[in-house]
Amino acid sequence: MIKLLLATLLSGTVLAQPTTLPDGPTRNAAVEVRVDSVLDGDTVIVHGWKQRVRLANIDAPEMSHGYGKPGQPFSVQSRDWLTRELEGKPGVTVKCVDEDRYGRAVCDFFKNGVHVNKELARAGLAWANTANARYLRDRTVLDAQREAQGARKGLWTQPSPIAPWEWRHTCWERGQNC
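What counts as what
Residues numbered from 1 in each chain as written. Predicted model: local features only at pLDDT ≥ 70, side-chain atom pairs only at ≥ 80, totals over all residues. Heavy atoms only, no water. Helix = DSSP H or I, 4+ residues; strand = E, 2+ residues; numbered from the N terminus. Buried < 20%, exposed > 50% of the residue type's maximum accessible area, 1.4 Å probe, protein only. Disulfide = S-S within 2.5 Å. Phe/Tyr/Trp six-rings, centres within 6.5 Å; stacked < 30°, edge-to-face > 60°. pLDDT = per-residue confidence, 0-100. Contact = heavy atoms within 4.5 Å. Polar contact = N/O pair within 3.5 Å; in protein donor to acceptor, adjacent residues only side chain to side chain. Expected span 1.5 Å × (residues − 1). Arc of directions from axis to C-beta.

## Observations concerning unusual backbone geometry
Working step 1: The backbone of N57 shows a phi angle near 70°, a positive value even though the residue is not glycine.
Working step 2: The residue N57 is located in the loop between β4 (53-55) and β5 (58-59) in this model.
Working step 3: A relative accessible area of 3% places N57 in the buried class.
Working step 4: A positive phi is found at R152, a non-glycine position, where the angle reads about 55°.
Working step 5: Considering the arrangement of structural elements, one finds R152 in the loop between α4 (140-151) and α5 (164-173).
Working step 6: Look at R152 and you get exposed, because its relative accessible area is 51%.

Printed below as a string of structure tokens:
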């Protein structure tokens, strides 16, 4: 391997290596997977992968994380919806686009060609992740969220739903009642 690398460097040729995410697929390649478990509305365990996988473009309501970190309204419904759609189901593919700060692959999930991440937002059970421009790569997810808002679906039935990134900061970090 070292000889190959040295020969490549001396020849001036650079070999392009595909970017692979940890124990997962090549970045931007569609791969068929089996979802073993849904942990919450935006995190799953994929069979054979060591790291948890985060759904791209969305942020689902936070589940309870114990004392002092209460769950958000619709967190259980979000997790249950995703479980019904993905857990153990055939026809699931992923296209991973990034890795988050926790080392999780960040992926778009499709079931029989339908963009599951977007449909979760359309059902009113997740926000389009606008906490940072980098997190929303597919603007049609924001359109799906707007459809849910207009139809008052899921979390949009509440008078003033709090986005998960605000919930984590206000309720968990600052300890304010939500």
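## Describing the state of the cysteines
Working step 1: Counted under the stated rule, the structure contains one disulfide.
Working step 2: What pairs with C96 in a disulfide is C107, and their sulfur atoms sit 2.0 Å apart. One disulfide, between C96 and C107, carries an S-S torsion of 85° and so falls in the right-handed class. Taken together, the positions of C96 in strand β6 (residues 92-99) and C107 in strand β7 (residues 105-111) put the pair 11 residues apart, joining distant regions of the chain.

## Describing the packing of aromatic side chains
Working step 1: Per the stated rule, a full pass over the model turns up one aromatic pair.
Working step 2: Between W127 and W156, the ring centres sit 5.7 Å apart and the planes meet at 65°, which makes this aromatic pair edge-to-face. Remark: W156 occurs in the loop between α4 and α5 and W127 occurs in strand β9 (residues 127-128); sequence separation between them is 29 residues. The pair formed by W127 and W156 is uniform in burial state, with each residue classed as buried.

## A word on the confidence of the model for the protein
For residues with low pLDDT, the predicted coordinates do not support detailed interpretation.
Working step 1: Per-chain confidence: the protein averages 84 in pLDDT, with 81% of residues scoring 70 or above.
Working step 2: Note on residues 1-20: pLDDT is under 50 here. Beyond four places in sequence and across chains, it has eight contacts.

## Brief notes about the side chain of N117
Working step 1: Tracing the backbone through its elements, the reader meets N117 in helix α3 (residues 116-122).
Working step 2: Given the relative accessible area of 0%, N117 is considered buried.
Working step 3: Looking at N117, its side chain comes within polar contact range of the main-chain nitrogen of F109, at 2.8 Å.
Working step 4: Dropping the residues within four chain positions of it, N117 is found in contact with L55, A56, I58, C107, D108 and F109.

## Some points on α4
Working step 1: A rise of 1.5 Å per residue sets the reference length of α4, with its 12 residues, at 16 Å; its end C-alpha atoms lie 17 Å apart and thus fit the reference within 8%.
Working step 2: For α4, the full list of buried residues reads V141, L142, A144, Q145 and A148. In an axial view of α4, the angular spread of the buried residues amounts to 155°, which keeps them on one side of the axis.
Working step 3: Among the structural elements, β5, β8 (114-115), α3 and β9 are those in contact with the buried residues of α4.
Working step 4: Two residues or fewer past α4, R152 is found with a positive phi of approximately 55°.

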